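Examining the three-dimensional arrangement
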Amino acid sequence: MTKLVLGIVLWSVVHFVPAVAAGFRKNLIAKIGEKPYKGLFAVFMVLALYLVISGWKATIPVNLYLPPVWGRHVTALLMLVAFVLFLAPYHATNVKRFLRHPQLTGVIVWGIGHLLANGESRSIVLFGGLTAWAFIEILLLNRRDGAWVKPDPVPAKKDVILVVAGLTFYLIVAFSHRWLFGFSPFA
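Residues numbered from 1 in each chain as written. Predicted model: local features only at pLDDT ≥ 70, side-chain atom pairs only at ≥ 80, totals over all residues. Heavy atoms only, no water.

1. A short note on helix α3 (residues 34-58)
We apply this condition: The numbering of helices and of strands both runs from the N terminus, where a helix is a DSSP run of H or I of at least 4 residues and a strand a run of E of at least 2. For a helix, the expected span equals 1.5 Å multiplied by the residue count minus one. For every residue, the accessible area obtained with a 1.4 Å probe (protein chains only) is divided by the maximum for its type, and the residue is called buried under 20%, exposed over 50%, and partly exposed between those limits. By definition, residues are in contact when any of their heavy atoms lie within 4.5 Å.
Between its first and last C-alpha atoms α3 spans 36 Å; for 25 residues at 1.5 Å apiece the expected length is 36 Å, and the two agree. For α3, the complete set of buried residues consists of Y37, M45, A48, L51, V52, S54 and G55. Considering only its buried residues, α3 is in contact with α1 (2-20), α2 (22-32) and α7 (121-145).

Below you can see the structure in the form of structure tokens.
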């Protein structure tokens, strides 16, 4: 469990730096350059993912609560929403007129959904930890960036494309979930 927790903490801290230590980030980029900074960020993210994945696999799950019977069905719907939100910031969509941080909101929806379907210790640490990170990150970014200026409306066609892309991504992950993570959401 230690590696899993360390991975989530590393993921969180590295992502918090731009939100809470903009001066440090700016000075580091001035010192080593933009590309090396991004490379260093990527190395820390790969290390965090390694710690999360290996920590997950090494942790023997201990049931802490029994998820509701309906939890898996709600999770399936929430995952579709999460995938759409996760893709939303990459193109002009109307979602960004209603949510300042759609990708982080998608992580929160993803985490809550998985907590509705899983009640063992490692799931609570992983999904609860990343949900907490995303929520705190939204607060920190809002504080750093000040007042939100909503983008102008875009044609509904952009939203349809987003939903189709999210649905496609959702189906790919759902049908490869057993191969990727060892568990089928359809079982």
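2. What to know about the nonpolar core
Generally speaking, a soluble globular protein has its nonpolar side chains buried in company with each other. To be explicit about the condition: Residues belong to a common nonpolar core when they are buried Ala, Val, Leu, Ile, Met, Phe, Trp, Tyr or Cys residues joined through side-chain atoms within 4.5 Å.
Membership of the largest hydrophobic core comes to 16 residues, with the highest contact counts inside it found for I8, L104, L126, W133 and A134. The biggest single contributor to this core is α7, with 8 residues. Counting 7 residues, the second largest nonpolar core, distinct from the first, contains A82, L85, V109 and L162.

3. Some points on the packing of helix α4 (residues 71-87) against helix α8 (residues 156-181)
Which entries qualify depends on this criterion: Only the contacting stretch of a helix is used when fitting its axis, a line to C-alpha atoms as for every element, and angles between N-to-C directions run 0 to 180 degrees. Geometric relationships in this document are graded by angle, where less than 35 degrees denotes roughly parallel, more than 145 denotes roughly antiparallel, 65 to 115 denotes roughly perpendicular, and other angles denote oblique. The hand of a helix crossing depends on one turn: near helix anticlockwise from the far one by less than a right angle means left-handed, and clockwise means right-handed. Any residue outside Ala, Val, Leu, Ile, Met, Phe, Trp, Tyr, Cys, Pro, Asp, Glu, Lys and Arg is labelled polar, Gly included; the first ten of those are nonpolar and the last four are charged.
Direction vectors running N to C along α4 and α8 enclose 125°, while the axes themselves pass 8 Å from each other. Considering the angle they form, α4 stands oblique to α8. Crossing angle aside, the handedness with which α4 passes α8 is right-handed. Listed contacts from α8 to A76, M79, L80, F83, V84 and L87 of α4 are L162, V163, A165, G166, L167, F169, Y170 and V173. Its residues assigned to classes, the contact of α4 with α8 comprises 13 nonpolar, 1 polar and no charged.

4. Quick look at the environment of G55
Summarising the element assignment, G55 is placed in helix α3. For G55, a relative accessible area of 2% gives the class buried. Note: C-alpha distance between G55 and L6 (49 residues apart in sequence) is 8.6 Å. When near neighbours in sequence (up to four residues on either side) are disregarded, G55 contacts K3, L4 and Y50.

5. A short note on the pattern of salt bridges
Worth spelling out the cut-off: Each reported salt bridge corresponds to a side-chain nitrogen of Lys or Arg within 4 Å of a carboxyl oxygen of Asp or Glu.
One pass over the full model with this rule turns up 3 salt bridges. A salt bridge links K38 to E34, with the shortest nitrogen-to-oxygen separation between them at 3.7 Å. Taken together, the positions of K38 and E34, both in helix α3 and 4 residues apart, correspond to about one turn of that helix. Judged by its relative accessible area of 52%, K38 falls in the exposed class.

6. Side note on the packing of aromatic side chains
Convention followed: Only rings of Phe, Tyr and Trp enter the pairing, Trp through its six-membered ring, and a pair is recorded when the two centres are within 6.5 Å. The plane angle decides the type: under 30 degrees is stacked, over 60 is edge-to-face, the rest tilted.
Under the criterion given, the structure shown has 6 aromatic pairs. Judged by centre distance (5.8 Å) and plane angle (80°), the rings of W11 and W133 are edge-to-face. Remark: W133 occurs in helix α7 and W11 occurs in helix α1; sequence separation between them is 122 residues. Geometrically, the ring pair formed by W110 and F127 is edge-to-face, given 5.0 Å between the ring centres and 75° between the ring planes.

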